[in-house]
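Overview (structure and organization)
Residue strings, one per chain:
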Amino acid sequence: MYSYSLLSASSYPVNQAKVSNFEVTGRIESINYTFPGLLKIEIKPENWRYKKRRDTNYVYGSNSYNTNFICRISDSVEAKLMAAYLKLKPGNRIQLTGVFYLPKGKRNPGDFDYSNFLLQKNISGTVYLNSVSGIKLRDENTYLFKNFIHSLRVSIHLKIRELYSGNTASLLKGLLLGDRTEIDTEITENFKTAGIIHLLAVSGLHTGFIALICVFLFQRLGRNFRLIATIIVLLLFLAITNFNTPVLRATIMAIVYIAALLSNRNTNQFNNLAIAALIITFINPLDPLSTGFQLSFLSVGFILFASGFLQKFRDKYSNATETDKLDTPFRIKIAKSRILYGIFAFFVISITAQIATLPLILYYFSSVSVVGLITNTFAIPLAGLILQNGLLSVALGYILLPAGSVFAQTTNLLTYLLIEPTEFIASFKYSSIEFFGLTKTGVFFIYVMISLIVFSLVKLKSKLLRIVIPVLLAVNLFIWTSFFSPELMPKGKFTLIAIDVGQGDCFLIREPGGKYFIIDTGPVTERFNAAKNIVLPLLKRVKVKEIEQLHISHYDNDHSGGIFTLIENVKIKVHLIFRWQKY
């Protein structure tokens, strides 16, 4: 079981922000190899030691908090990382020596709270190693089940690398293993802008695809054997994807539904959703605080509500005739035509899911796609075909590699048909709308207004009121939402924001007249660009379109590294670089 209490900064297992020569011993919980050249190990530490200063004695510690560490290992020789990835197993007892860091919380306004994210996953620190030589294997005992799943994940990973390369390999790794660390950041941004980012994160949708594949594969088996085999495959998929919350939710709901079929009992999908929420919360009470949990359960709840509406719609109009006194004959045509009803149901469910998650998406990600309805119409079927064809190619690759390679070519084509149109759609200027600074109160207000709009559309009998009231509510929603988005840099006031860029400096200044100034830009390294990852998002958040003057104090990378990034992305009138002289 997890240690559920959120730790304060003063009560972390190690309460220093950074500790060099940190030596920790513990057992491996999971291992993952990410690109380019990074081995990530989650370890349950048993004990550790370090020196606060070189001239002091060791400080010893043990894992009384029952939390884990994440260890990130890089190496100049990639073959060494791959060898360690293939050799180490969950349950192995290892010793690592590296640099320990406390996870950082919100560093700047609107930043992602990485500390809270890790704590929800029961992780209270990170250890960085620059070489595989910092790992020492103490014993080779393994966890039986975790090692089986790990070996299966490694095998699938290697087979994907053997059959695929480039974007298809990284996409399939995300779809099959729930690991999207290798997906190109540009593709991720395009998918986000186009409103189909959910396809890159393994979720309930992918679980549904797996269930459909099972129905097709096991259709010749008897009813009970087919249902039991489907449960086994879903559980295996759940384990392979590292018990991802949306997949866990979908799997629990599917198992409850299948169990009802096996026992010849009726079931209610809202009850199934509640059962899934209770089980997940029991396993990890911090999970409801995660973005994935909230978006997954909220969207499915609204989709179930929409499904009930669609069922009532079809029941009402499918047996009607055009002479009946109903609203319009066109509804009768939709209800009676499989194709028209399928298209209608797809759009109703898609719109419902987007409306359901819109406030949370604005709160967590500060932007929303306006083309998502269009892109999802072709992206969802393509993702299903890519998942199906990818599974088939990997399975055939174990039996006969050339046969797997034939299907791999089809998967490459499908991936191209998914990525290229998405990139084209995302290139339009207004493919997405940015909305910064929404508060929790604002999220609550939006959901209240959405509920009132839905209630008026469903319950009011007067056609006029069903038009007027939702329009008035929508106008109020648009007007009042801005009051829940406070300005970081108010007009008419002198404001200074000291931007936390890590090692280095960066300041954003707004004078009362409305002109903006920046002093320094933060560092740029091979793995991190402070200007791109921190400064530019903050400038968007405060709606800065033009910088009056950019001041660079001196040429050191931690002060001037991001100057070219800012020049390329923001209109800057004057660049001033000061060279300090020693006297």
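Described in the following lines is the structure provided in the data block.

Criteria and cut-off values
Residues numbered from 1 in each chain as written. Predicted model: local features only at pLDDT ≥ 70, side-chain atom pairs only at ≥ 80, totals over all residues. Heavy atoms only, no water. Helix = DSSP H or I, 4+ residues; strand = E, 2+ residues; numbered from the N terminus. Rg over C-alpha atoms; globule rule 2.2 N^0.38 Å. Buried < 20%, exposed > 50% of the residue type's maximum accessible area, 1.4 Å probe, protein only. Contact = heavy atoms within 4.5 Å. Areas by Shrake-Rupley, 256 points an atom, 1.4 Å probe, with all protein chains shown as cover. Lys, Arg positive; Asp, Glu negative; His and termini not counted. Charge placed at Lys NZ, Arg CZ, Asp CG, Glu CD. Pairing = 2+ DSSP bridges. Patch = residues over 30% accessible without salt bridge, like charges linked within 9 Å, V, L, I, M, F, W, Y side chains within 5 Å. Salt bridge = Lys/Arg side-chain N within 4 Å of Asp/Glu carboxyl O. Core = buried A, V, L, I, M, F, W, Y, C linked by side-chain atoms within 4.5 Å.

When helices and strands are tallied, the protein chain shows 19 helices and 14 strands. For the protein chain, whose C-alpha radius of gyration is 27 Å, the value lies close to the compact-globule estimate of 25 Å for 583 residues. Its C-alpha atoms put the protein chain at 95 × 65 × 45 Å along the principal axes. Expressed as a percentage of the 583 residues in the protein chain, the buried residues total 44%. For the protein chain, long-range pairs separated by at least 24 residues make up 70% of all intrachain contacts whose partners lie at least 6 apart in sequence. Of the roughly 31800 Å² of accessible surface on the protein chain, 61% is carried by carbon and sulfur atoms. Considering the protein chain, the positive charge centre built from 60 side chains and the negative charge centre built from 36 side chains are found 8 Å apart.

This paragraph deals with the side chain of threonine 193. Assignment of secondary structure puts threonine 193 in helix α5 (residues 185-193). Judged by relative accessible area, threonine 193 falls into the buried class, the value being 19%. Contacts of threonine 193, omitting those with residues within four sequence positions, involve Ser369, Val371, Ala426, Ser431 and Ser432.

With that settled, consider the pairing of strand β5 (residues 93-101). As judged from the eight bridges shared by strand β1 (residues 18-34) and β5, these two strands associate in the antiparallel manner. Across the sheet, the residue bridging to arginine 27 is arginine 93, located in β5. Taken together, the three bridges between β5 and strand β6 (residues 123-129) define a ladder with antiparallel strand orientation. Residue phenylalanine 100 lies in a different strand from β6, and its bridge partner there is valine 127.

Moving on, we get to a nonpolar patch on the surface. Taken together, Leu464, Ile467, Val468, Val471, Leu472, Val475, Phe478, Ile479 and Trp480 make up a surface patch of nonpolar side chains, about 920 Å² in accessible area. Within the secondary structure layout, valine 468 lies in helix α16 (residues 463-481).

Before going further, it helps to spend a moment on the nonpolar core. Among the nonpolar cores identified, the biggest contains 50 residues, and Ile160 and Leu418 are the most heavily contacted of them. Examining the composition of this core, we find that seven residues originate from one element, helix α13 (residues 372-399), more than from any other. Not counting chain neighbours up to four residues away, the residues in contact with leucine 418 comprise Leu171, Phe191, Ile196, Phe378, Ala379, Leu382 and Ile386. Counting 29 residues, the second largest nonpolar core, distinct from the first, contains Cys71, Met82, Val127 and Val132.

Nothing here speaks to function; it is all geometry.
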